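# Observations on the model geometry
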Amino acid sequence: MRESILTIPVNDVFGPRDGCPICRMRDSIEEHICEYIMGAAMMEPDVRIETNRLGFCNLHYNQLLQQNNRLSLALMLNTHMAEKEKEMFGSKLPFGKGKKIEQFGSTCFVCSKVSWGVNHTLETVFQMFSKDEAFRKLFSRQEFICMPHYKLLLSKGSECMSKGDFAAFRKALEELVDGYMKKLNADVDQFCQSFDYRNAGSLHNEDMEHVRTSVQRGIEFLTGRKAVEK
């Protein structure tokens, strides 16, 4: 399949073969959006209307906080809370208030944009898998696909691919995920066994790095996010 403006980002995230490529795709889109809304876009009326309406989830509030631009974040917080206060308490009529309260905190501007960006890029992934033998081999050689993105790929693939192409895609995907899950759980089991007095010191051998990191890798595989250690 000829390289194009659509295939280049896909090849970029699948090229390293280190971790989950869909996580890399999401992280790249996420970083771009966070930088975008904390810059000049923060003052664009269309963007502010959406951030006022949707707000952000805890994860993305913290990512925005790391952008080191607290004034921009404070301005968005200020108008978002003002809008929510008006929605929830500004009217004396009780109708609809319960629904507004129930919806509060369940929306996020960044999540909505990231979801659109990932789903749009996955359409190219499915096309490349269907048409490009080299990409099919590259896909099958990935280190792993995390469980949340395994679920997403199955769902979106069944919608976007022909029956025959999806059958081949599903087989490759399931072999990749199942193979990694077996190896990872064996590493976690070995980590647990290393605390038995009969295996004292075994965890510190140079060739045991895959066992020492198995808990963190397990969290990343199951959640699609790297473990945060204090």
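Everything here concerns the structure above.
A brief look at the structure comes next. Here the structure is a predicted model, which means the values were calculated and not measured.

### Looking at the overall build of the protein chain
Helix and strand counts for the protein chain come out as 12 helices and zero strands. Beginning at the N terminus, the succession of helices and strands in the protein chain can be written as α-α-α-α-α-α-α-α-α-α-α-α. Taking 2.2 N^0.38 as the reference for a compact globule, 230 residues should give roughly 17 Å; the C-alpha atoms of the protein chain span a radius of gyration of 22 Å, well beyond that estimate. For the protein chain, the spread of C-alpha atoms along the three principal axes comes to 65 × 55 × 35 Å. Split into buried and exposed, the 230 residues of the protein chain put 37% on the buried side. Taking as baseline every contact in the protein chain between residues at least 6 positions apart, the subset at least 24 positions apart corresponds to 72%. Measuring between centres, the 31 positive side-chain charges of the protein chain sit 5 Å from its 31 negative side-chain charges.

### As for a nonpolar patch on the surface
Together, Met43, Leu71 and Leu75 line one region of the surface with nonpolar side chains, adding up to about 310 Å² of accessible area. Taking relative accessible area as the criterion, Met43 reaches 56% and is therefore assigned exposed.

### What to know about the pattern of salt bridges
A side chain of one charge can pair with a side chain of the opposite charge when the charged atoms of the two come close. Summed over the entire model, instances satisfying the criterion amount to 14 salt bridges. In this structure, Glu159 engages Lys156 in a salt bridge whose closest nitrogen and oxygen atoms are separated by 4.0 Å. With a gap of three residues between them, Glu159 and Lys156 both fall in helix 9 (residues 147-160), about one helical turn apart. Exposure remark for Glu159: the relative accessible area of 54% places this residue in the exposed category. By relative accessible area, Lys156 is classed as partly exposed at 23%. Asp178 serves as the salt-bridge partner of Lys182, at 2.6 Å between the closest nitrogen and oxygen. On the criterion of helical spacing, the pair formed by Lys182 and Asp178 is a turn pair, its members being four residues apart in helix 10 (residues 163-193). A relative accessible area of 52% places Lys182 in the exposed class.

### Brief notes about the packing of aromatic side chains
The description of two aromatic rings rests on the distance between their centres and on the angle between their planes. In the structure shown here, the tally under the stated rule is 13 aromatic pairs. Both rings, one in Phe126 and one in Phe169, keep their centres 5.4 Å apart while their planes meet at 90 degrees; by these two values the pair is edge-to-face. Placement of the pair is Phe126 in helix 7 (residues 109-131) and Phe169 in helix 10, with a sequence separation of 43 residues. The exposure class of Phe126 is buried, given its relative accessible area of 2%. When the centroid spacing of 6.1 Å and the interplanar angle of 75 degrees are considered together, the rings of Phe144 and Phe221 count as edge-to-face. Highlighted residues: Phe144 in the loop between helix 8 (133-140) and helix 9 and Phe221 in helix 12 (residues 214-223), separated in sequence by 77 residues. Phe221 shares its class with Phe144; the two are buried. An aromatic cluster is built from Phe14, Phe126, Phe129, Phe135, Phe139 and Phe169, whose rings are joined through pairwise contacts.

Cut-offs and rules
- Residues numbered from 1 in each chain as written.
- Predicted model: local features only at pLDDT ≥ 70, side-chain atom pairs only at ≥ 80, totals over all residues.
- Heavy atoms only, no water.
- Helix = DSSP H or I, 4+ residues; strand = E, 2+ residues; numbered from the N terminus.
- Rg over C-alpha atoms; globule rule 2.2 N^0.38 Å.
- Buried < 20%, exposed > 50% of the residue type's maximum accessible area, 1.4 Å probe, protein only.
- Contact = heavy atoms within 4.5 Å.
- Lys, Arg positive; Asp, Glu negative; His and termini not counted.
- Charge placed at Lys NZ, Arg CZ, Asp CG, Glu CD.
- Patch = residues over 30% accessible without salt bridge, like charges linked within 9 Å, V, L, I, M, F, W, Y side chains within 5 Å.
- Areas by Shrake-Rupley, 256 points an atom, 1.4 Å probe, with all protein chains shown as cover.
- Salt bridge = Lys/Arg side-chain N within 4 Å of Asp/Glu carboxyl O.
- Phe/Tyr/Trp six-rings, centres within 6.5 Å; stacked < 30°, edge-to-face > 60°.

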